[in-house]
Amino acid sequence: MEDRHSKGGRKKKVLLMGKSGSGKSSMRSIVFSNYVAKDTRRLGATIDVEHSIVRFLGNLTLNLWDCGGQDAFMENYLSQQRDHVFKNVEVLIYVFDIESREFDRDLITYTTCLEALRDNSSNARIFCLLHKMDLVQTELRERLFREREGLLKEKSGGMEVTCFATSIWDETLYKAWSSMVYTLIPNLPTLERHLRAFAEIAEAEEVILFERTTFLVISYFTRAEVENPFPDRFEKISNIVKQFKQSCSKMASNFTAFELRAHTFSAFIDVLTPNTYILVVMPANVAEPATTLMNIAVARKHFEKLEQVDRGGGGGGGGGGRRERERERERERERERERERGLE
């Protein structure tokens, strides 16, 4: 499969599909448009296809197609617009309402979409979100999810499918979207290698990299010898910080950095590059806070160079884009000088 948008600008076509009312637009608005869960109630039904161009990590652009799920629209996608909709797709995200009383009918539509995807974008990655899990009794969620997951994989005609249980009311939404976007990030092994090197040099217990706008988890490295009992902690942090950033915006303030000192550890969230935040977790009494902040400042320059090399490899970015990046870097340098003055 060759996507004419993928060369140079790295624009990735992502289809978001599912029956009307399954929650597609709500999750998109929370992840990419800074909605909180309760505000999604005022969203109306999607009419036909809503196109969104989402910048992610600066050089990765998601061409997100939010496809209305009404029967008339779905029939149109699968007939007159079949080639147009399903051609050059990098990722298909299909959303199922876990409480749908027409799951068998939803399954037929899903398999028909997979046939169209196989014909037009055979290498596309497929993700199924079993959504609105908060409406299911807690003790029944795991069993119901496994049943539906098994049925979806059985009906997927040999195509590889990854399933997630999600809800807009908790961190499961961020876990699913972080995992899906993770598959699209270019040069990820290089980024992870440098993240590991930073963790070892700084003697950090854990280092997590977040995308700046969505606060989705990009990557992490753990040096702790004992396994953390909270495997979903990164997604919980995403959810909490995103909501805090929204509260800051309502008060005409900007979130730039955060520091927490506890009895057994210290945690620092700070800007790493114009497109990322870093969370550094330090064991107690290993290093002074000023030392950790200085390490982040030194790493900032290094990771910015990695992003510049990555952008250069993509071949995109005109003069206007370069000027904007220069202005952003200057703003970051000014914020860094202000933090340094505060430490003196």
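For clarity, every value in this text was computed on a predicted model and none was experimentally measured.

Enquirer: Break down the sheet that holds strand 7 (residues 206-211) for me, with residues and values.
Expert: Sheet architecture is open: 5 strands sit in the order 8-7-11-10-9, paired in antiparallel fashion. Among the strands making up the open sheet, the edge pair consists of strand 8 (217-222) and strand 9 (258-261). Averaged over all adjacent pairs, the angle separating strand axes in this sheet is 15 degrees, with direction ignored. The sheet contact formed by strand 9 and strand 10 (residues 265-273) spans 4 bridges and is antiparallel.

Enquirer: Lay out the packing of helix 1 (residues 24-32) against helix 6 (residues 172-182) in plain terms, naming residues and giving numbers.
Expert: At a closest axis distance of 11 Å, the pairing of helix 1 and helix 6 adopts a crossing angle of 80 degrees. Looking at the two axes, helix 1 sits roughly perpendicular to helix 6. Contacts between helix 1 and helix 6 involve Met27, Ile30, Val31 and Phe32 on the former and, on the latter, Leu173, Tyr174 and Trp177. Of the residues assigned to the contact of helix 1 with helix 6, the class counts are 7 nonpolar, no polar and no charged.

Enquirer: Mind laying out unusual backbone geometry, listing which residues take part and the relevant values?
Expert: Negative phi is the rule for most residues except glycine; trans is the rule for most peptide bonds. Unlike most non-glycine residues, Glu203 shows phi in positive territory, near 60 degrees. Overall, Glu203 belongs to the partly exposed group, its relative accessible area being 43%. A positive phi angle is found at Asn285, which is not glycine, with a value near 65 degrees. Tracing the chain through its elements places Asn285 in the loop between strand 11 (276-283) and helix 9 (289-314). Using a relative accessible area of 83% as the deciding quantity, one classes Asn285 as exposed.

Enquirer: Break down the packing of helix 4 (residues 103-120) against helix 5 (residues 138-154) for me, with residues and values.
Expert: Contact pair helix 4 / helix 5: the axes reach a minimum separation of 11 Å and the direction vectors enclose 35 degrees. Considering only the axes of helix 4 and helix 5, their crossing is right-handed. The residues of helix 5 that touch helix 4, namely those facing Phe103, Leu107 and Tyr110, are Arg148, Leu151 and Leu152.

Enquirer: Describe the nonpolar core, listing the residues and the values that go with them.
Expert: In summary, soluble globular proteins display a tendency toward joint burial of nonpolar side chains. Leu62, Ile93, Leu129, Trp177, Met180, Phe198 and Ile278 are the most contacted members of the largest nonpolar core, which totals 48 residues. Discounting chain neighbours no more than four positions away, the residues touching Met180 are Ile93, Phe127, Leu129 and Phe164. Membership of the second largest hydrophobic core comes to 34 residues, among which are Phe86, Tyr94, Cys113 and Phe145.

Enquirer: Before we move on, can you summarise helix 8 (residues 233-250) with the specific residues and values?
Expert: With 18 residues, helix 8 should cover 26 Å at 1.5 Å per step; its first-to-last C-alpha distance of 26 Å lies within 8% of that length. Among the residues of helix 8, Arg233, Phe234, Glu235, Ser238, Asn239, Val241, Lys242, Lys245, Gln246 and Cys248 are the ones counted as buried. In this structure, the buried side of helix 8 is in contact with helix 1, helix 6, strand 7, strand 8, strand 10 and strand 11. Remark: Ala252 follows helix 8 within two positions and exhibits a positive phi of approximately 60 degrees.

Enquirer: Describe the sheet that holds strand 6 (residues 161-165), with residues and values.
Expert: Ordered by their spatial adjacency, 6 strands build an open sheet running 2-3-1-4-5-6, and the pairing between neighbours is mixed. The two strands at the open ends of the sheet, each matched to only one other strand, are strand 2 (49-56) and strand 6. Mean inter-strand twist for the sheet, computed between neighbouring axes without regard to direction, equals 20 degrees. As paired strands, strand 1 (residues 11-18) and strand 4 (residues 91-97) are joined by 5 bridges and run parallel to one another.

Calculation criteria
- Residues numbered from 1 in each chain as written.
- Predicted model: local features only at pLDDT ≥ 70, side-chain atom pairs only at ≥ 80, totals over all residues.
- Heavy atoms only, no water.
- Pairing = 2+ DSSP bridges.
- Helix = DSSP H or I, 4+ residues; strand = E, 2+ residues; numbered from the N terminus.
- Axes fitted to C-alpha atoms, helices over the stretch in contact; angles between N-to-C directions.
- Parallel < 35°, antiparallel > 145°, perpendicular 65-115°, else oblique.
- Contact = heavy atoms within 4.5 Å.
- Nonpolar A, V, L, I, M, F, W, Y, C, P; charged D, E, K, R; others polar.
- Buried < 20%, exposed > 50% of the residue type's maximum accessible area, 1.4 Å probe, protein only.
- Left-handed = near helix turned anticlockwise from the far one by under 90°.
- Core = buried A, V, L, I, M, F, W, Y, C linked by side-chain atoms within 4.5 Å.
- Expected span 1.5 Å × (residues − 1).

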